[in-house]
Structure formats: structure tokens, C-alpha cells
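# Remarks on the overall topology
Below are the chains, spelled out letter by letter.
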Amino acid sequence: MHPGRTAGKGPSTHTQIDQQPPRLLIVHIALPSWADICTNLCEALQNFFSLACSLMGPSRMSLFSLYMVQDQHECILPFVQVKGNFARLQTCISELRMLQREGCFRSQGASLRLAVEDGLQQFKQYSRHVTTRAALTYTSLEITILTSRPGKEVVKQLEEGLKDTDLARVRRLQVVEVTKGILEHVDSASPVEDPSNDESSILGTDIDLQTIDNDIVSMEIFFKAWLHNSGTDQEQIHLLLSSQCFSNISRPRDNPMCLKCDLQERLLSPSLLPGTADGSLRMDDPKGDFITLYQMASQSSASHYKLQVIKALKSSGLCESLTYGLPFILRPTSCWQLDWDELETNQQHFHALCHSLLKREWLLLAKGELLGPGHSQRIPASTFYVIMPSRSLTLLVKAVATRELMLPSTFPLLPEDPHDDSLKNVESMLDSLELEPTYNPLHVQSHLYSHLSSIYAKPRGRLHPHWESRAPRKTGQLQTNRARATVAPLPMTPVPGRASKMPTASKSSSDAFFLPSEWEEDPSGP
């Protein structure tokens, strides 16, 4: 299963940032651990969506749906467009906060399977009836199950329960176990595989298992990964090097090496937030002198962005004032269209490059150029980049100034002997500062989340402004003011001893009357 491709129709007139696929989040609630998880999870979701709904420019998330599983499964939020829908998302997060935190209930083994099947059916019906651009971008769904139960048990339960379910429209099925301990290292999306058996092949797809800490920052980081461009239809960057760049790799001298790389953002640009830019700059907009590497690499699915290494630099020979723009990260590509041997060879060469640069204390100077059909006959302005190694399997890329961009500046030499009294005063002030060995941005807060929440959390329609003042809802109680589902719920056989929470609807009624929820806002909004 692979993400649906966007058909190319010649050169794009705007920046194409590949959207993440539609996502279904299933919160698997187990008492009493839910009392420890609820506050952190809801805070992390609130922070994440305040950011995701506020980003201007091309939408990074298309559709989102939220289910809850206790003794039964329940759809808290049917599929909606993320952009412009923060008020509604905030209401559903408030609904999560009110779920029962104490006591006990009888767990139904089929509830989790029913939630997956129901969410998948909802997505199929949404895709069939709602003809929005975002809904058509991807034809497959990513399902994430957040649980406090042992992850391997949940994976085994899903493998057994879904073995007869058609998962052709599921791009990825992931179980995320929330732990109480502090993890020193989180292996992102590590698949659970037992070499002694092949149970994971029952479904025709692997179920990924990931473990995260029960704290707000860890959960935020997990959700923010949804904003990354994770398309694997093709590699994004070709890094070309001559054989002289490698002393430990034997290659013909005249045959350049091409490393195929994927590009990843290091951080979000503040210019994408409200009040800093209009978010509608096109690729051919004259407002910008240079186009960022990420924009160039995302411009056309029919093109490859080439970085031609032209020189090596000493690490100590670069002045930081000459770099500009946001940094980006290069990784060995995970493009599924390449065969395994090519992927392995490409990763080995990438590893060798990182190792050699670190050993020599070198940087690389590279010239950027877009390759592909349909380019203008005008001579394009080139952008130059410095490529920096790290001790991980990544390279950091930063744009570097050229002669045309430089402004005259004078830098007088620093006198060797400062005035004694001034030196004592300054050193005394410096000694009073707390010294940290490294800068950790996760420990620095700008109150951006609360600022964005205050901008977009406006009462609309039948939203309830005093969710927190209401008593927690007990298990099994239906909400009369729950958002109307975007599609007719999936008719299901009730769990023995329990009435089904989701009413059935005939096919004729769902086809005859199909409208977005009354709370859903305009997806083209801010």
C-alpha cells in the first residue's frame, strides 16, 4: 500500500507540499490508567491542532476523525477538514476530557476491531460522496490507535480480529503505547516483528508499534510528525559528488556519484503563522528573490532537484552570518520504487559521506538546480547551499549568500586589552547567568499555543462554551448534542449484552441525504 499519487499536469504554479493522508485516531481507554493519560493527551492534542489549523499556505493535513473505545466504540468526531476547523476540534477534545476516569467497565474484545472497521467505512463513504480536493488527494487512510495497554497485546488482538477485513484502503495501521516510564530513546514507528512466526502477514500489511512517554511534550512531538512530508513515491533530492569526495570508496574517476535523498524540515517557518505572511506566495511570485530548497524540491512530481557539489570547505571557514533561511535535513531516500539493492547501496554511500566529512572536518558547497520538463528558457538564478555532517545518518542543508546578496559591512578588529573596570563589570554580570551546556528548544516556551487558541477558538453554531464546568460523562451515556456524523454510520451487529451505540442507516437514506456536519467550517478558511 502506497500513498496515492498526484497527477502532474506540467509545471506547478504554486508550491506543492505533499499532504499527509487522512488520519483516524482511535483512543483506546483503559481504567484506571486513563486518569493519568487524559490531561496530557488532551493538552497535546489542543496544542497540536492550534498549530495545524493555523498554518497558512498549502494544507498539510487533509481529513481527521476521532474515535473513542471503552466498553464500546464511539465516533466523537467524523471526518472533517483540519484547516479552519479548530473550534470544532477543540470541542471534541473537551469531550475527551469528560470521559470517565475512575471505576471500572466490562471491556469488549470486539470494540477495537469495530472502531477500525467503522472508521474505515466512514472514510470510504466520505471519499465517495464529498468531492473536495483534499478528500481526493489520497485514496488510503492512516489509522493510529493510542492505548495504555501493552502494545504487543493490542497488535495481536488486531491481527486476529481484522484478518477477514478488507484493508486495501489502509495505508498504515499503527499502535502507540503510552508508558509511564521515561524513555531515553523512542524508535519512531518501529514495527513489531517476531522472526519465529509470520503473524504480521495475516493482514497483508505490518502493524507498526511505537512507544511514547506519558507527557505533553512527547505526545506533541508524535502528533507533529503528521505535518511532515512523508511521501515515498520518489526521491526528492539528487546529491551529485565527484569521486574525489571519497577516499575510501573505489569508483571510476569520471563517473559522479548520485546520492538519492529525502528532504525533511527541521522546524516550521514563523512566516506561516497568522500575522506574518499571507501564505499564498506562488513559485513564480516576484516577492522573493530566491525560492527555498523545500519549495523547489516539492515543485513538481516530474522533476528532481539536483544539488551539485562543487567544493569542500573547512568547518571553521564558514561565517554564520552568511547563511540564511530555514535549515533542512537530508536523509537516505525510502522511495518504494527503488529496488532493495539500490536502497541499501545508496544508504551505505550516504553513511560513508557523513563519516568522511566528520573525519576531515569538512563542509560541502553545493549549487542547486531543478531538473525536469517544462522549465523556462530564461537563465535561472542559482542558489548555493552548505551541507553539514552530523553524528546521525543525516546532513544539514543551509542556504548561503552569494555576491549578489552581499551588502557592504565593516568589522573592526577586536582590541586585545579591554578596559579593566568594564571587563570586571561585564564578567561579574556574565558569572551571574545560569550556564547551560546545550540549547534545548523543548524547554523554551513562547506561549504560541495559547495565542493561536485565543485567535481561533470562537464560539460557532451549537458549541458549548462551558465544557469544563460539566460533570464527567459516565461510560455508556450518549451525548444528545454530539456532532452529526458526516456519513451514515456503519451498520454493525451489536456486541452481545449491549445495544449498539451507533444507529444503523439504510443505504438509500445515506445516498439521498449526504451533507457535511452542521459544525464543519469552510476548509479554505485561514
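Residues numbered from 1 in each chain as written. Predicted model: local features only at pLDDT ≥ 70, side-chain atom pairs only at ≥ 80, totals over all residues. Heavy atoms only, no water.

A few words now on the packing of aromatic side chains. Applying the stated criterion to the full structure yields 10 aromatic pairs. Note on Phe 223 and Trp 226: the rings are 5.2 Å apart at their centroids and 65° apart in plane angle, and the pair reads as edge-to-face. Trp 226 carries the same exposure label as Phe 223, and that label is buried. Among the aromatic side chains, those forming a connected cluster through ring pairs are Phe 48, Phe 49, Phe 64, Phe 222, Phe 223 and Trp 226. Positioned above the aromatic ring of Trp 362, the side-chain terminus of Arg 360 is 4.6 Å from the ring centre. (Phe/Tyr/Trp six-rings, centres within 6.5 Å; stacked < 30°, edge-to-face > 60°. Buried < 20%, exposed > 50% of the residue type's maximum accessible area, 1.4 Å probe, protein only. Lys NZ or Arg CZ within 6 Å of the ring centre and 35° of its normal.)

On the surface, Val 217, Ile 221 and Leu 442 cluster together to form a nonpolar patch covering roughly 240 Å² of accessible area. Structurally, the position occupied by Leu 442 is in the loop between α9 (420–431) and α10 (448–456). (Patch = residues over 30% accessible without salt bridge, like charges linked within 9 Å, V, L, I, M, F, W, Y side chains within 5 Å. Areas by Shrake-Rupley, 256 points an atom, 1.4 Å probe, with all protein chains shown as cover. Salt bridge = Lys/Arg side-chain N within 4 Å of Asp/Glu carboxyl O. Helix = DSSP H or I, 4+ residues; strand = E, 2+ residues; numbered from the N terminus.)

Glancing now at the side chain of Arg 171. If you trace the backbone, Arg 171 turns up in strand β5 (residues 170–179). Within the local environment of Arg 171, its side chain forms a polar contact with the side chain of Glu 142, the two groups lying 2.2 Å apart. (Polar contact = N/O pair within 3.5 Å; in protein donor to acceptor, adjacent residues only side chain to side chain.)

Of all hydrophobic cores here, the largest spans 44 residues; its most connected members are Leu 25, Trp 34, Leu 41, Phe 49, Phe 64, Leu 96 and Phe 223. Every element with two or more residues in this core is listed here: β1 (23–28), α1 (34–52), β2 (63–69), β3 (73–81), α2 (86–97), β5, α6 (216–224) and α10. Ranked by residue count, the leading element in this core is α1, at 11 residues. Apart from the residues within four sequence positions on either side, Phe 223 is in contact with Leu 25, Leu 41, Ala 44, Leu 45 and Phe 48. One finds Phe 123, Leu 141, Ile 207 and Leu 209 within the second-largest nonpolar core, a separate group that totals 26 residues. (Core = buried A, V, L, I, M, F, W, Y, C linked by side-chain atoms within 4.5 Å. Contact = heavy atoms within 4.5 Å.)

If you walk through the whole model with that rule in mind, you get 10 salt bridges. A salt bridge links Glu 117 to Arg 113, with the shortest nitrogen-to-oxygen separation between them at 3.1 Å. Of this pair, Glu 117 and Arg 113 are both found in helix α3 (residues 111–129), four residues apart, which corresponds to roughly one turn of the helix. A salt bridge links Glu 153 to Arg 149; its shortest N-O distance comes to 3.5 Å.

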